[in-house]
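One-letter residues, chain by chain:
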Amino acid sequence: MGKYRCTICGYIYDPEDGDADSGIPPGTPFEKLPDDWKCPVCGAHKDSFEKVELLEVDDHCVFITFREAGAAHTITPYLLGKACFISISKP
């Protein structure tokens, strides 16, 4: 089951978690969400989401890759002490 990212606010729908506030149980794939389901953060419609690939590199860093207008982008969080910095690379 793939994860999907809201292109408006960046929220990531994880099927393993579901969306309890909207009555979506854990294990519900994005494709099976009701057509009227909306982003729990910003209220964007389901068609505002895109599939993302998450690759855990180690215990402290996760790379998120998504496609936009045919190009791949990577979001890389950097941890420095308790602060987190995010770099977004575009081709």
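Note that this is a predicted model, so its numbers are computed, not measured.

Draft legend 1. Looking closely at the overall build of the chain. Across its full length, the chain carries zero helices and six strands. For the chain, the N- to C-terminal ordering of α and β elements is β-β-β-β-β-β. Expressed as a percentage of its 91 residues, the buried residues of the chain come to 31%. In the structure as shown, the chain presents an accessible area of about 6200 Å², 53% of it carried by carbon and sulfur atoms.

Draft legend 2. Focus on the pattern of salt bridges. Throughout the structure, instances matching the rule amount to two salt bridges. With a closest N to O distance of 3.8 Å, aspartate 14 and lysine 3 form a salt bridge. A residue pair is termed long-range when its members are at least 10 positions apart, and aspartate 14 in the loop between strand 2 (12-13) and strand 3 (49-56) and lysine 3 in strand 1 (residues 3-6) qualify at eleven residues. Overall, the relative accessible area of 15% leaves aspartate 14 in the buried class.

Draft legend 3. Representation of the nonpolar core within the structure. Judged by nonpolar contacts, Tyr4, Cys6, Tyr11, Tyr13, Ile24, Phe30, Leu33, Trp37, Cys39, Ala44 and Phe49 together constitute the single largest core of eleven residues. Excluding residues within four positions of it along the chain, tyrosine 13 makes contact with Lys3, Tyr4, Gly18, Asp19, Ile24, Thr28, Pro29, Phe30, Leu33, Trp37 and Phe49.

Draft legend 4. Looking closely at the environment of cysteine 39. If you trace the backbone, cysteine 39 turns up in the loop between strand 2 and strand 3. Put simply, cysteine 39 and cysteine 9 are 30 residues apart on the chain and 8.8 Å apart in space, counted from C-alpha to C-alpha.

Draft legend 5. Representation of the packing of aromatic side chains. Overall, the coordinates contain seven aromatic pairs when judged by the stated rule. Ring centres of phenylalanine 30 and tryptophan 37 lie 6.1 Å apart, and the angle between their planes is 85 degrees; on these two criteria the pair is classed as edge-to-face. No difference in accessibility class separates phenylalanine 30 from tryptophan 37, as the two residues are buried. The structure contains a cluster of three or more aromatic residues connected by ring pairs, namely Tyr4, Tyr11, Tyr13, Phe30, Trp37 and Phe49. The side chain of lysine 46 reaches across the aromatic face of phenylalanine 30, ending 5.4 Å from its centre.

Parameters at a glance
Residues numbered from 1 in each chain as written. Predicted model: local features only at pLDDT ≥ 70, side-chain atom pairs only at ≥ 80, totals over all residues. Heavy atoms only, no water. Helix = DSSP H or I, 4+ residues; strand = E, 2+ residues; numbered from the N terminus. Buried < 20%, exposed > 50% of the residue type's maximum accessible area, 1.4 Å probe, protein only. Areas by Shrake-Rupley, 256 points an atom, 1.4 Å probe, with all protein chains shown as cover. Salt bridge = Lys/Arg side-chain N within 4 Å of Asp/Glu carboxyl O. Core = buried A, V, L, I, M, F, W, Y, C linked by side-chain atoms within 4.5 Å. Contact = heavy atoms within 4.5 Å. Phe/Tyr/Trp six-rings, centres within 6.5 Å; stacked < 30°, edge-to-face > 60°. Lys NZ or Arg CZ within 6 Å of the ring centre and 35° of its normal.

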